[in-house]
Amino acid sequence: MKESIEGIERFVSPGKGRGLRVTKPFKVGELLFASLPYTYVLTASERGSNCEFCFTRKEGLAKCGKCKKALYCNVKCQKGDWAMHKLECGAMIAYGENWCPSESVRLVARIIFLSVSLLLSIPPSLCLSDIDDVDIEKREMNEGDIASLHQFYSKNLDFPSKTALLTLFSQVNCNGFTVEDEELSKMGSAVYPDVALVNHSCCPNVIVTYKGNVAEVRAVQDMTPGEEVFTSYIDLLYPTADRNQRLRDAYYFTCDCKECKTKSKDKLKLKVRKRNKPPGPEEISSMMRYARNTIKEFRSAKQILMEMCQLSLDKMGEVFEDSNVYMLHMMYQAMGVCLYMGDWDEAIRYGEKVLKPYSILYPPYSMNVASMYLKLGRLYLGLERKLSGIDALKKAMAIMEVAHGKDHQYLIELRKEIEMQK
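With an unreviewed UniProt entry as reference, the chain is termed [histone H3]-lysine(4) N-trimethyltransferase, source organism Oncorhynchus kisutch. Reading the Catalytic activity (unreviewed entry) entry of the UniProt record for the chain gives the comment "L-lysyl(4)-[histone H3] + 3 S-adenosyl-L-methionine = N(6),N(6),N(6)-trimethyl-L-lysyl(4)-[histone H3] + 3 S-adenosyl-L-homocysteine + 3 H(+)".

*Asks:* I would appreciate a short explanation of the UniProt feature "domain: MYND-type" (unreviewed entry) in the chain in the present structure.
*Replies:* Following the UniProt record, one finds the feature "domain: MYND-type" (unreviewed entry) at residues 51–89. When the span residues 51–89 is considered, its composition is 38% helix and 10% strand, and the gap between its end C-alpha atoms is 16 Å.

*Asks:* Just to check I follow, could you spell out the nonpolar core for this structure?
*Replies:* A general trend in soluble globular proteins is that nonpolar side chains are found buried together. One finds Leu32, Phe33, Phe320 and Met400 to be the most contacted residues of the largest nonpolar core, which totals 91 residues. Those residues within four positions of Phe320 in sequence are excluded, and the remaining contacts are Lys271, Val272, Arg273, Ile284, Met287, Met288, Ala291, Tyr326 and Met327. Judged by nonpolar contacts, the second largest core, of 37 residues, contains Cys54, Tyr72, Cys89 and Ala109.

*Asks:* Would you take a moment to explain the side chain of Glu259 for this structure?
*Replies:* Along the chain, the position of Glu259 falls in helix H6 (residues 258–262). Although Glu259 is buried, it forms no salt bridge, and the closest oppositely charged side chain is Arg243 at an N-O distance of 4.6 Å. Engagement of the side chain of Glu259 in a polar contact is seen with the side chain of Ser264, the distance being 2.6 Å. Not counting chain neighbours up to four residues away, the residues in contact with Glu259 comprise Cys202, Cys203, Thr240, Arg243, Ser264 and Lys265.

*Asks:* What exactly am I supposed to notice about the pairing of strand E4 (residues 39–42) here?
*Replies:* Along any regular strand, the residues point their side chains to alternate faces of the sheet. What you see with E4 is no split at all: Thr39 and Val41 on one side and Tyr40 and Leu42 on the other are buried throughout. Judged from the four bridges that link them, E4 and strand E8 (residues 186–191) form a sheet pairing that is antiparallel. Bridge pairing links Tyr40 to Ala190 in E8.

*Asks:* Quick question: what am I supposed to make of helix H14 (residues 409–419) here?
*Replies:* An α-helix turns once every 3.6 residues. As a result, residues three or four positions apart point the same way. Tyr410, Leu411, Leu414 and Ile418 are the residues of H14 that are buried. In an axial view of H14, the angular spread of the buried residues amounts to 95 degrees, which keeps them on one side of the axis.

*Asks:* What exactly am I supposed to notice about the sheet that holds strand E3 (residues 31–35) here?
*Replies:* The pairing of strands in a sheet comes from backbone hydrogen bonds and takes either a parallel or an antiparallel form. Sheet architecture is open: three strands sit in the order E3-E11-E10, paired in antiparallel fashion. Whereas interior strands pair on both sides, the edge strands pair on one side only; in this sheet they are E3 and strand E10 (206–211). The sheet shows a mean angle of 20 degrees between the axes of neighbouring strands, taken without regard to direction. Here four bridges tie E3 to strand E11 (residues 214–219), and the two strands are oriented antiparallel to one another. Paired with Ala34 across the two strands is Glu216, which belongs to E11.

*Asks:* Can you walk me through the pattern of salt bridges in this structure?
*Replies:* A side chain with one charge can pair with a side chain of the opposite charge if their charged atoms come near. Tallied over the entire structure, the rule returns 27 salt bridges. Between Glu413 and Arg57 there is a salt bridge whose closest N-O contact spans 3.1 Å. You can see Glu413 sitting in helix H14 and its partner Arg57 sitting in the loop between E4 and strand E5 (62–63), a full 356 residues away along the chain. We note a salt bridge from Lys162 to Glu143, for which the minimum N-O separation is 3.5 Å. With Lys162 in helix H4 (residues 162–175) and Glu143 in helix H3 (residues 136–153), this pair connects stretches of sequence that are 19 residues apart. Via salt bridges that share partners, Arg47, Glu52, Glu88, Arg106 and Arg110 belong to a single interconnected network.

*Asks:* Where do I start with helix H5 (residues 240–251) in this structure?
*Replies:* With 12 residues, H5 should cover 16 Å at 1.5 Å per step; its first-to-last C-alpha distance of 16 Å lies within 8% of that length. Taken together, the buried positions of H5 are occupied by Thr240, Asp242, Arg243, Asn244, Leu247 and Tyr251. Just past H5, the residue Tyr252 takes up positive phi, approximately 65 degrees.

*Asks:* For this particular structure, what's the right way to read the environment of Tyr210?
*Replies:* Looking at where Tyr210 falls in the secondary structure, it is placed in strand E10. The sequence separation of Tyr210 and Ala403 amounts to 193 residues, and the corresponding C-alpha distance is 9.5 Å. Not counting residues within four places of it along the chain, the set of residues in contact with Tyr210 comprises Phe177, Thr178, Val179, Glu180, Tyr192, Ala215, His404, His408 and Tyr410. Reaching out from Tyr210, the side chain makes a polar contact with the backbone oxygen of Thr178 at a distance of 3.4 Å.

*Asks:* I would appreciate a short explanation of the sheet that holds strand E7 (residues 177–180) in the present structure.
*Replies:* An order of E4-E8-E7 is seen for the three strands of this open sheet, with the pairing classed as antiparallel. In this open sheet, the two strands that pair with only one neighbour each are E4 and E7. Each neighbouring strand pair of the sheet contributes to a mean axis angle of 25 degrees, computed without reference to strand direction.

*Asks:* Please explain the packing of helix H10 (residues 325–341) against helix H11 (residues 344–361) as it appears in this structure.
*Replies:* Axes are the key here: two packed helices are described by the angle between their axes and the distance separating the axes. It is the contact of H10 with H11, at a shortest axis distance of 8 Å, that shows an interaxial angle of 150 degrees. Taken together, the axes of H10 and H11 lie roughly antiparallel to each other. Where H10 crosses over H11, the handedness of that crossing is left-handed. Contact with H10, carried on its side by Val325, Leu328, Met331, Tyr332, Ala334, Met335, Cys338 and Leu339, involves Trp344, Glu346, Ala347, Tyr350, Gly351, Lys353, Val354, Pro357, Tyr358 and Leu361 of H11 and no other residues of that element. Looking at the contact of H10 with H11 residue by residue, the class counts come to 15 nonpolar, one polar and two charged.

Here is what the cut-offs are and how they apply
Residues numbered from 1 in each chain as written. Predicted model: local features only at pLDDT ≥ 70, side-chain atom pairs only at ≥ 80, totals over all residues. Heavy atoms only, no water. UniProt positions renumbered as here; feature names shortened; annotations may be inferred. Helix = DSSP H or I, 4+ residues; strand = E, 2+ residues; numbered from the N terminus. Core = buried A, V, L, I, M, F, W, Y, C linked by side-chain atoms within 4.5 Å. Buried < 20%, exposed > 50% of the residue type's maximum accessible area, 1.4 Å probe, protein only. Contact = heavy atoms within 4.5 Å. Lys, Arg positive; Asp, Glu negative; His and termini not counted. Salt bridge = Lys/Arg side-chain N within 4 Å of Asp/Glu carboxyl O. Polar contact = N/O pair within 3.5 Å; in protein donor to acceptor, adjacent residues only side chain to side chain. Pairing = 2+ DSSP bridges. Arc of directions from axis to C-beta. Axes fitted to C-alpha atoms, helices over the stretch in contact; angles between N-to-C directions. Expected span 1.5 Å × (residues − 1). Parallel < 35°, antiparallel > 145°, perpendicular 65-115°, else oblique. Left-handed = near helix turned anticlockwise from the far one by under 90°. Nonpolar A, V, L, I, M, F, W, Y, C, P; charged D, E, K, R; others polar.

Next comes the structure, spelled out in structure tokens:
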């Protein structure tokens, strides 16, 4: 972390290791601190709409004169990115469409360059104490990434030992951040040493959002001096057992926050239908296994079919209420399928069914809720339902003013979008 961030200090958090706590009060929506990335990459699908260097979203970006693939706002941004882009420019030309390193590979290449060529130390917050616990599947993925690293970057970098690379990939995969826009669409990946010091809680008191490639940490609860800073590493929609399984799989720990101890929302999240003959524990457990497997298949499917959505919803709906998180997940996926197919009315129907439970189950000022209001608002406007569209966008704006700050470019654009409808 920087030597000093006003109102924030490092400390040893009991049972968690390094952490941050506040030394002065912070109100809801107030910025605790902003963090520049140690290194970062724009995701490939955003090329053409976002600047490679500052992540600004705009039209008329200028191409790199050599590879013709990286795009920039102007000469200043291109020069600012050249130290990193030159690691890839030649390989992008040589390999053409076959240049396809993962974002983890690109981040590791940049970390090696920064630590060796510029003599910058690898941030201590990239340390993992349980590296040996990485499972076989992840270790094989890391070894595949090492092969890709050698393939695409060997002309420009000297690599440390394989053991050191395995450790570095595990560290990046565990401590890297996904940079998202206002609708939670991925813009890129980055390493933020300061933000990586913030520990996890399923009852977070801050939210991390992005202004270009800069991470901003804002309060979503009023905070008093001495209070530890907590964010959420995962989607909080799911019940306690699922959340902790995700934490174990990705971060090698389980959470002991108040919500995980009390499981206060689990009953609502796993609500079942009222029937003449209530489903027994085995039927509920069986349906949960089915739901988890279906969601897993859905995430990995190349061709998502509406029929699969509806069949799954019909089957789960025999036991689960619509507010059950597994139903919500499948309805969210169904909404995405409808958007892909251009069926706006059905997309709205699914979105409306998801929104109310989201507002109850997610913490205050959740971007998951804001992004749903944004999606619905823009769908309403597209179908000339102006009043509903403006109302939804205003509700998104109220959340985003806390999560992003009132002067964020997303809010400026959103206000213009609303004004144009009046």
